[in-house]
Amino acid sequence: MSGGDQEPGRYYVGVDVGTGSVRAALVDQRGVLLAFADQPINKWEPQFSHHEQSSEDIWAACCVVTKKVVQGIDVNQVRGLGFDATCSLVVLDKQFHPLPVNLEGDSRRNIIMWLDHRAVSQVHRINETQHSVLQYVGGVMSVEMQAPKLLWLKENLRETCWDKAGHFFDLPDFLSWKATGVTARSLCSLVCKWTYSAEKGWDDSFWKTIGLEDFVADNYSKIGNQVLPPGASLGNGLTPEAAKDLGLPAGVAVAASLIDAHAGGLGVIGADVRGHGLSCEGQPVTSRLAVICGTSSCHMGISRDPIFVPGVWGPYFSAMVPGFWLNEGGQSVTGKLIDHMVQGHAAFPELQAKAAARCQSVYAYLNSHLDLIKKAQPVGFLTVDLHVWPDFHGNRSPLADLTLKGMVTGLKLSQDLDDLAILYLATVQAIAFGTRLIIEAMEAAGHSVSTLFLCGGLSKNPLFVQMHADITGMPVILSQEVESVLVGAAILGACASGDFASVQEAMAKMSKVGKVVFPRLEDKRYYDKKYKVFLKLVEHQKEYAAIMKGD
Ligand SMILES: Nc1ncnc2c1ncn2[C@@H]1O[C@H](COP(=O)(O)OP(=O)(O)O)[C@@H](O)[C@H]1O
Ligand SMILES: O=C(CO)[C@H](O)[C@H](O)COP(=O)(O)O
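Residues numbered from 1 in each chain as written. Chains lettered and ligands numbered in written order. Predicted model: local features only at pLDDT ≥ 70, side-chain atom pairs only at ≥ 80, totals over all residues. Heavy atoms only, no water.

In the annotation of an unreviewed UniProt entry, the entry for the chain reads FGGY carbohydrate kinase domain-containing protein, and the organism field reads Equus caballus. The record held by UniProt for the chain lists under Sequence similarities (unreviewed entry) the comment "Belongs to the FGGY kinase family." For the record of the chain, the UniProt heading Pathway (unreviewed entry) holds the text "Carbohydrate metabolism; pentose and glucuronate interconversion." (UniProt positions renumbered as here; feature names shortened; annotations may be inferred.)

Dropping the structure here:
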């Protein structure tokens with residue numbers, strides 16, 4: 001059957017493993033969320049820049065949330081299951097047991113998280129090779145990708161981890177293996193994080209050059225030698241054991257998975273935009289930029305032909321929308337940066353108390369506080385003399401410079417709630433300026449972007465959304481379903497079930513436009529000036545570093 005014909009009672013389950021929590025949703029054929037559940041997951045930071053998780057803890061959380069969302073329905077109506085997750089590195093031994101990725105030998109912590117920056121020396125050496133695979137990651141490999149992390153394990157944990165390892169998975173692929181027993185990898189993970197080419201496969205010379213010839217010798221069995229497109233059905237579906245864990249029947253179709261940002265992209269980018277007065281209505285889907293904003297932000301732009309954007313990951317073929325090339329810009333910390341700035345301020349306890357008294361989140365409270373203190377002027381104008389450079393965890397795109405740091409200029413002696421609110425606003429604006437910088441780099445290389453499609457936790461913040469519209473000068477589309485990443489995961493399940501003929505068809509039927517936020521064009525001159533300051537900040541930071549390096 002094609003998804004055009006609505007069959008009653010056909011459901012899909014999407015599971016989204018973010019940095020801070022696992023979420024699941026029960027979704028119908030129109031992309032409507034019928035049930036939602038979430039569960040926090042553990043994170044360890046045993047040393048600065050080392051970030052670890054546990055695959056057993058994450059799987060247990062997947063089971064809790066999946067059981068919750070199917071409660072009360074006939075589980076035989078669940079037709080497909082799709083997973084997405086952060087691009088973290090999971091390490092298992094030859095019998096599929098967790099192996100420690102830390103010096104303490106704690107095997108519970110068997111995941112090196114995506115934002116872990118331990119492999120700085122390894123990534124420098126990889127970049128020094130100037131190997132041709134680097135063309136497909138924006139010219140510079142990120143410390144957040146898998147090759148440097150693997151090299152770090154070989155160089156630092158040879159006996160306790162490297163020699164014993166049987167399987168290195170991207171987290172989304174670990175989940176689909178856990179559900180089905182199939183070790184095939186998703187094209188999405190391997191292309192985006194592991195240097196695999198959709199057209200040419202693995203490049204032996206790359207792994208030999210960087211000192212990981214071990215993978216070539218055993219025909220890539222530890223990192224994946226069977227590769228499937230996202231949404232393809234895996235093996236015989238859910239194994240009886242996984243089915244019991246998840247509260248679903250054995251044999252339910254399970255899809256080859258996606259990285260979380262890519263699932264968000266699928267959840268939003270294909271929506272039917274007719275009737276909203278948007279310029280992208282008459283334009284190809286390549287004029288849309290999906291921005292997935294959670295702990296980090298990812299900027300997903302697609303094209304018919306490969307576009308090489310310096311400092312922006314890709315071009316990756318078929319890694320998100322089949323048949324299209326993908327460029328992925330990103331900011332390593334966005335939600336995490338906002339949390340950091342707000343929670344680290346002296347007035348945070350006062351903010352928490354006041355927000356709790358009103359039963360509001362601290363962000364809803366801050367947004368209404370800004371509205372109060374802005375008086376007659378637009379809220380964005382409160383930061384005329386306060387500017388932030390947001391790269392507190394290095395720059396992912398388009399400068400691809402992990403040595404960059406955060407900057408704030410315009411600090412005063414006051415530490416009250418007004419001061420905290422304005423610092424929060426300047427941080428949100430800095431993140432939006434970072435998006436503008438990424439879009440400019442993508443456009444200079446050949447993309448033509450007219451509309452932003454935002455999703456992820458930060459898209460629930462109206463100030464964040466408005467600032468993205470005002471600062472980029474583009475309309476921002478929010479989906480009808482706030483949890484669009486989960487719609488993306490459910491689209492995978494729907495494709496694996498065979499209910500839709502293609503990912504494109506499922507995208508068009510299951511993602512829907514909700515709210516449209518237009519830019520306040522009358523404020524453009526102010527933001528153009530702030531953007532000039534923004535660019536000066538990084539220029540000056542580089543000058544300071546050069547001065548300090550000199551004699
Ligand atoms: N209702 C909300 N209002 C404002 N910010 C929010 C809201 N919900 C989540 N966030 C922000 O979104 C970020 C987390 O987004 P999420 O998509 O859940 O992250 P992840 O997928 O990385 O786990 C947090 O840093 C938080 O500050
Ligand atoms: O690199 C990425 C996608 O390619 C993401 O930044 C990473 O997966 C983390 O996502 P999130 O911020 O939603 O937790």
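The rest of the description comes next.
### What to know about the nonpolar core
For soluble globular proteins, the rule of thumb is that nonpolar side chains tend to be buried together. The biggest cluster of nonpolar side chains holds 92 residues, and the ones touching the most others in it are L153, F168, W207 and M510. It is helix α16 (residues 484-497) that contributes the most residues to this core, nine residues altogether. Grouped together as the second largest cluster of nonpolar side chains are 65 residues, F348, F464, I471 and Y527 included. (Core = buried A, V, L, I, M, F, W, Y, C linked by side-chain atoms within 4.5 Å. Buried < 20%, exposed > 50% of the residue type's maximum accessible area, 1.4 Å probe, protein only. Helix = DSSP H or I, 4+ residues; strand = E, 2+ residues; numbered from the N terminus.)

### Describing the packing of aromatic side chains
When we look at a pair of aromatic rings, we describe it by the centre distance and by the angle of the planes. Evaluated as defined, the whole model comprises 23 aromatic pairs. Residues F168 and F215 carry aromatic rings whose centres are separated by 5.9 Å and whose planes lie at 80° to one another, so their mutual orientation is edge-to-face. With a gap of 47 residues between them, F168 in strand β8 (residues 165-170) and F215 in helix α8 (residues 214-217) connect regions that are remote in the sequence. An identical accessibility class is assigned to F168 and F215; each is buried. When the centroid spacing of 5.1 Å and the interplanar angle of 75° are considered together, the rings of F206 and W207 count as edge-to-face. Here the two residues F206 and W207 agree in accessibility, since each one is buried. When the ring centre of W152 is taken as reference, the NZ or CZ atom of R118 above it lies at 4.6 Å. (Phe/Tyr/Trp six-rings, centres within 6.5 Å; stacked < 30°, edge-to-face > 60°. Lys NZ or Arg CZ within 6 Å of the ring centre and 35° of its normal.)

### Some words on helix α3 (residues 146-156)
In terms of burial, α3 is largely enclosed, as nine of its 11 residues are buried. Inspection of α3 places Q146, A147, P148, K149, L150, L151, W152, L153 and K154 among the buried residues, and these make up the whole buried set.

### Regarding the UniProt feature "domain: Carbohydrate kinase FGGY C-terminal" (unreviewed entry) in the chain
Under the feature "domain: Carbohydrate kinase FGGY C-terminal" (unreviewed entry), the UniProt entry names residues 289-496. In residues 289-496, the share of helix is 40% and the share of strand is 19%. The end C-alpha atoms are 26 Å apart.

### Observations regarding the UniProt feature "domain: Carbohydrate kinase FGGY N-terminal" (unreviewed entry) in the chain
The positions UniProt marks with the feature "domain: Carbohydrate kinase FGGY N-terminal" (unreviewed entry) are residues 11-267. End C-alpha to end C-alpha, residues 11-267 measures 16 Å, and it is 32% helix and 21% strand.

### Observations regarding the pattern of salt bridges
Applying the stated criterion across every chain yields a total of 25 salt bridges. Between E144 and R396 there is a salt bridge whose closest N-O contact spans 2.7 Å. Residue E144 is found in the loop between α2 (120-128) and α3, and its partner R396 is found in the loop between β17 (387-389) and β18 (407-409); the two are separated by 252 residues along the sequence. The two residues E144 and R396 agree in class, both being buried. Three or more residues joined by partner-sharing salt bridges are found here, namely E52, E104, D106, R108, R109, D116 and R118. (Salt bridge = Lys/Arg side-chain N within 4 Å of Asp/Glu carboxyl O.)

### Observations concerning the site of ligand 1
Among the 15 residues in the neighbourhood of ligand 1, the closest are listed as T19, R23, T295, D339 and G457. At 2.8 Å from an oxygen atom of ligand 1 is found a side-chain nitrogen or oxygen belonging to R23. At a separation of 2.5 Å, an oxygen atom of ligand 1 approaches a polar side-chain atom of T295. Notes on ligand 1: free accessible area 570 Å², of which the protein chains cover 75%. Counting residues per element, the shell around ligand 1 draws most heavily on helix α11 (residues 335-343), which supplies three residues. (Near = heavy atom within 4 Å. Polar contact = N/O pair within 3.5 Å; in protein donor to acceptor, adjacent residues only side chain to side chain. Areas by Shrake-Rupley, 256 points an atom, 1.4 Å probe, with all protein chains shown as cover.)

### Some points on the site of ligand 2
With respect to spatial proximity, 15 residues lie near ligand 2, and among them T19, K193, D260, S296 and E328 are the closest. Between an oxygen atom of ligand 2 and a side-chain N or O atom of T19, the distance comes to 2.4 Å. The contact in question runs from an oxygen atom of ligand 2 to an N or O atom on the backbone of T295, over 3.3 Å. Relative to its unbound accessible area of 380 Å², ligand 2 is 95% covered by the protein chains. Broken down by element, the shell around ligand 2 gets its largest block of residues, three residues, from helix α10 (residues 260-268). Of the residues that constitute the shell around ligand 2, the class distribution is six nonpolar, five polar and four charged. (Nonpolar A, V, L, I, M, F, W, Y, C, P; charged D, E, K, R; others polar.)

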